[in-house]
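Listed here are the chains, written in short residue letters.
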Amino acid sequence: MFRTANNVFINGGTFTEHNQHNQGTTFSVRAIDRLVEAASLGALHNSGDRFDPPKCHPNTRTAVLQNLMDWFIGEFGWDNFVLWLYGPAGAGKSAIAQTFAEQCAAKNRLLASFFFSRSDLSRNNEKGLVATLAYQLWFHMPESRPIVEAAIDNNPAIFLLNFDTQFRTLFLDPLLQLSRTGRFSSGIPFPSLIIIDGLDECDGADIQNTILNTISNELQHHCSTLPFRLLISSRPEYHLTTSFSVAPLHSLTFRLALDDTYQPDSDIRLYLTDSFRDIRETHIMRAHLPDSWPSEEDIAELVAKSSGQFIYAATVIRYVSSPRRNTPSPRRNPPSPRRNPLDRLKVIQGLLPVNDDRPYAQLDALYINILSEVEDIETVLQILGMAFVLSNNTDDYIEPLGVIYLEKFMQLTPGIVQLLLIDLLSIVDASHNNKPIKFLHASFTDFLVDPTRSCQFFIDPSRSHEEAAHFCISAIESLDIARPVQDYAYQSLLRHLRLAGPLHNNTTLWEKVFNVPYVQHWTTYALASGDRPFRYHSSLSEDPTMFLEFLQMSEFSQAEELYLHHRGILDQILRDSLATIPISPCLAFWTAVSAGGILESNRVVPLETFRALSYTLTPDVSASVSGFLFSAFFDQIEEGSERRRPAWYHLFLMAGTPFLRMVREFLNDPSRAGPHTVDQSTYTAAAVFAVEFAVRAWDWTKYISACPYEGGKEWNFVWDTLTFMLLKAGYSAELISFLGQQNLTFNLGRPGTFVRHWVQTLFGAVRNYLLKFKGSSPSRFKIIINWTRDPSDYVINCFTADNLNDRGRFRHQIFYVDESILSSDEDIQESAG
């Protein structure tokens, strides 16, 4: 009769005797016996079946427990007779409910409790719930015993009827009869709290909603006569969240979420610190555990890994503190050194191999149980794998895709992600369309990518990266796909290819990469980017030449064929871009600049420098020089439109980019550049163009504003380029005529630093060119330097130390330099270089 009961005490009461005949034997069955047999007494907060139940560590979860007590005694939410305590799996809901139950029981305020458990057949369903509540009513309120027993006697089959009937007959009606006697209004204290923990672990979403709605509706209808309070704890499963969000529960319920509001990290840190201290003091190997173990860094790492969920921390402590193996081992095996807490913590940290041990057995069981409830598990695992590889990124500027864009990226039906992940709300958050999928447990992703733990739910990261590469290629192929998806595709394709599975024999992916219009669509992509590429220009992970360099060094079979194919596409785009620009000295100048690699050595070149050096032909830079020589980004600049100047207008970063190196190789290779190959004649035309610019009188077209981030170095590029072109130029009568003037005047802005060096170098280059192609330089050869930017007839007789000092105060004067600027032992040819 009592075969399922443990540690049950029955005091007093009136018993009804029933006679039953069985094979000639007569015995009686009391109503209380039938009640006890129907109840799931293992679900009580003080059941022996739940020996050492989870509860809050001392001095932790104090704020949550205080809020529960304040709600219970009516400090707030008096109209909310239901409180829903919810949080993700492993957040410590059952421990909080257990601790609160014990606190209230100690004050004789707990009427009934039921702790569901998915792994316990006696308490993973609703069959014993009402009987368990009725038994506790019978036990805690002796006045109810005759009423409960009479209900059982009047309907012996009551325990076989539906939940609604059982609840009204065995629990609600006895309470109403007691209320009519004035039991709850007499001023005599009575237990008034009902706790149902882990409602989501009851088998079946429909029955969970039935339990929730039946109890709350019945108590609501009699709230004036039945002053009871109901605490429900569960995970925020979709159906429960929906039930709590509509009438009548919406207005009757106070919601308490176990989130960062209650600073779980602080409580977890305290729990870990105290638990490791206990291990050092009580473990069988305590004599070998240093007082400094574990370090503060170790504790911090475990707190971070817990992600606010106590179950991870509790699992770690359970494993580290146990002197036994977590898996059975043949007796003949020698003692495992992994029983040492020092080594076990290293296993947790990944510093030692797991071998055949199972440090996360309890945590793994939780995750496997949750995933086992998922219907379309194959698609769900693909989505989780994609979310993992998209978010597990070390590039800060690449943001993972929000849910709606992830669906576009994976070519899924809109809304399907949230629908498919509806059974994983306790470990995965996909509730925000514009935010990425969030893994609520850091340990969950560790579980998924470890085949020894996740088994049939294993996600192979290399396989997910390969799938992501396929999706990136599809996004690049589509010019009308959502902008964030195309951004991500260009920014992340190479990363996914690097981390994909073995590429050598992957013919499918090879063909996809061969045919992807990466370079062809690049310009369209860049021109539609607004100012975004400039923000990310320093990394250039999506630069076409990064793609080419990857192909050249990739592990694909026939990698050279892939590389040459896409390089040929880039070469054709460069030739087509150059063919649209009329041949001119300006074009010769910029192609020479690109071929000479000058832009690669100058860290910053203001955009106004391009305008100033191109304005002689047209105010539209793109009409006089191919922007694709420098970057596809350059083609989107509209120099003639002042109102459209973005915040980065004065600063154009381009130093040392792979694109510039590729263009330089292209322009210097006749087999690739064809008629656009840069040779000495190009440098000669460029030198003429540069000298013309230098000697032209000051006007507003030559103005280059100071670059605030570069300390006034905005003119360094001009000085550097002028000197370089003179060094590379061939014979030019026009150039000799310019440089041979008696009073040669260069109207140039002052360099930002190393002023003496720039002046010496330029003077040497001019003198060298005249000596080389004219045979001599004019007597008393001198150059007038005018960096006042204003017309002036006043010329200093000679340069001074202040004029050529980086910190000199005379930044806006006109002066001349002659051969005395070169030291007597300095080689002029070397200076010009």
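Residues numbered from 1 in each chain as written. Predicted model: local features only at pLDDT ≥ 70, side-chain atom pairs only at ≥ 80, totals over all residues. Heavy atoms only, no water.

The name an unreviewed UniProt entry gives the protein chain is Nephrocystin 3-like N-terminal domain-containing protein, with Psilocybe cyanescens as the organism.

Quick look at the sheet that holds strand β3 (residues 82–86)
Paired through their backbone hydrogen bonds, the strands of a sheet run either parallel or antiparallel. Basically, it comes down to this: Strand pairing is defined by DSSP finding a minimum of two bridges between the two strands. Per the convention used, a helix needs a DSSP run of H or I reaching at least four residues, while a strand needs a run of E reaching at least two, with both numbered from the N terminus. For every element, the axis is a line fit to its C-alpha atoms; helices are fit only across the contacting stretch, and the angle between N-to-C directions ranges from 0 to 180 degrees.
The parallel open sheet is built from 5 strands, whose spatial order is β4-β5-β6-β3-β7. What marks the edges here is a single partner per strand, and that holds for β4 (110–115) and β7 (253–257). Direction aside, neighbouring strands of the sheet carry axes that sit 15° apart on average. Bridge count between β4 and strand β5 (residues 193–197): 5 bridges; the pairing is parallel.

Things to note about the side chain of serine 216
Convention followed: A simple rule labels every residue: compare its accessible area, found with a 1.4 Å probe on the protein chains alone, to the largest value its type can have, and call it buried under 20%, exposed over 50%, or partly exposed in between. Working rule for contacts: check all heavy atoms of both residues, and any pair within 4.5 Å makes them a contact.
Inspection of the secondary structure puts serine 216 in helix α7 (residues 205–221). With a relative accessible area of 0%, serine 216 lands in the buried category. The residues contacting serine 216, other than those within four sequence positions of it, are Phe81, Val82 and Leu249.

Regarding the side chain of histidine 470
Along the chain, the position of histidine 470 falls in helix α20 (residues 461–477). The exposure class of histidine 470 is buried, given its relative accessible area of 19%.

Some remarks on unusual backbone geometry
Cis geometry is found at the peptide bond from alanine 247 to proline 248, where omega equals 0°. Position of proline 248 among the secondary structure elements: in the loop between α8 (238–245) and α9 (249–252). Put simply, tryptophan 293 and proline 294 share a cis peptide bond, and its omega is -10°. With respect to the secondary-structure elements, proline 294 resides in the loop between α10 (264–282) and α11 (296–306). In the Ramachandran plot, asparagine 108 falls in the positive-phi region, its phi being about 55° despite a non-glycine side chain. Exposure remark for asparagine 108: the relative accessible area of 47% places this residue in the partly exposed category.

Description of the packing of helix α25 (residues 544–553) against helix α31 (residues 658–667)
In plain terms, the rule: Throughout, the term roughly parallel applies to angles under 35 degrees, roughly antiparallel to angles over 145, roughly perpendicular to angles from 65 to 115, and oblique to all others. Charged residues are taken to be Asp, Glu, Lys and Arg, nonpolar residues to be Ala, Val, Leu, Ile, Met, Phe, Trp, Tyr, Cys and Pro, and polar residues to be all remaining types, Gly included.
Remark: α25 packs on α31, axes separated minimally by 7 Å, with the N-to-C direction vectors making an angle of 75°. Classed by the angle they form, the pair α25 and α31 counts as roughly perpendicular. Listed contacts from α31 to Pro544, Thr545, Met546, Leu548 and Glu549 of α25 are Pro658, Phe659, Arg661 and Met662. Each residue belonging to the contact of α25 with α31 can be placed in one class, and the counts come to 6 nonpolar, 1 polar and 2 charged.

A closer look at the nonpolar core
Heads up, the condition is: Residues belong to a common nonpolar core when they are buried Ala, Val, Leu, Ile, Met, Phe, Trp, Tyr or Cys residues joined through side-chain atoms within 4.5 Å.
Ranked by internal contacts, the top residues of the largest apolar core, which has 156 residues, are Leu384, Phe409 and Phe746. Among the nonpolar cores identified, the runner-up in size contains 57 residues, and Phe81, Leu129, Leu137 and Phe171 belong to it.

Points about helix α6 (residues 163–180)
In plain terms, the rule: To estimate how far a helix should extend, the number of its residues minus one is multiplied by 1.5 Å. Note on bend: at a given residue it equals the angle between the axes fitted to the 7 residues ending there and to the 7 starting there. Here a polar contact is recorded for every N or O atom pair within 3.5 Å, except that within protein the pair must consist of a potential hydrogen donor and a potential acceptor, and residues adjacent in sequence are included only if both atoms are side-chain atoms.
With 18 residues, α6 should reach 26 Å at 1.5 Å per residue; the first-to-last C-alpha distance of 24 Å fits that figure. Along its length, α6 shows its largest kink, about 40°, at leucine 172, and proline proline 174 lies within four residues downstream of that point. Of the residues making up α6, those classed as buried are Phe163, Gln166, Phe167, Leu170, Phe171, Leu172, Pro174, Leu175, Leu176, Leu178 and Ser179. The inward-facing, buried residues of α6 contact β4, α4 (129–140), α5 (145–154), β5 and α7. Residue asparagine 162 occupies the N-cap position of α6, its side-chain oxygen lying 3.3 Å from the main-chain nitrogen of aspartate 164.

Remarks on the layout of surface pockets
In plain terms, the rule: Residues are called lining when one of their atoms sits within 4 Å of a cavity or pocket point, these points coming from a 1 Å grid over the protein atoms alone, where a cavity is a set in which a 1.4 Å probe fits but cannot get out and a pocket is an open set with protein on both sides within 12 Å along at least five of seven lines. Grid points are joined across faces, edges and corners, and a volume is the space filled by probe spheres set on the points. Throughout, the edges of the domains are those of an automatic or database domain assignment.
In this structure, the largest pocket spans a volume of roughly 1,400 Å³. Considering the residues around the largest pocket, the lining is formed by 42 residues, among which Pro54, Ser94, Ile311, Arg318 and Gln362 are closest to the centre. At the level of elements, α3 (93–106), β6 (229–234), α12 (310–321) and α14 (361–372) are the ones that each hand at least two residues to the lining of the largest pocket. Here the lining of the largest pocket gets 5 residues from one element, more than from any other, and that element is α12. Residues of the lining of the largest pocket, tallied by class, amount to 18 nonpolar, 11 polar and 13 charged. Inspection of the lining of the largest pocket shows a minimum of three residues originating in each of domain 1 (31–262) and domain 2 (279–382 + 417–458). Here the second largest pocket is characterised by a volume of approximately 890 Å³. Taken together, 33 residues make up the lining of the second largest pocket; nearest its centre are Pro88, Pro236, Leu425, Asp429 and Leu440.

Looking at the packing of aromatic side chains
To be explicit about the condition: Ring geometry is summarised as follows: Phe, Tyr and Trp rings, the Trp one being its six-membered ring, pair when their centres sit within 6.5 Å, and such pairs are stacked at plane angles under 30 degrees, edge-to-face over 60 and tilted between the two.
Taken as a whole and assessed by the stated rule, the structure comprises 35 aromatic pairs. Pairing phenylalanine 276 with tryptophan 293 gives two aromatic rings, centres 5.2 Å apart and planes at 85°, and the pair type is edge-to-face. Taken together, the residues span a long stretch of sequence, with phenylalanine 276 in helix α10 and tryptophan 293 in the loop between α10 and α11 at a distance of 17 residues. Here the two residues phenylalanine 276 and tryptophan 293 agree in accessibility, since each one is buried. Taken together, a centroid distance of 6.1 Å and an interplanar angle of 50° make the contact between phenylalanine 439 and phenylalanine 444 tilted. You can call phenylalanine 444 buried: its relative accessible area is 0%.

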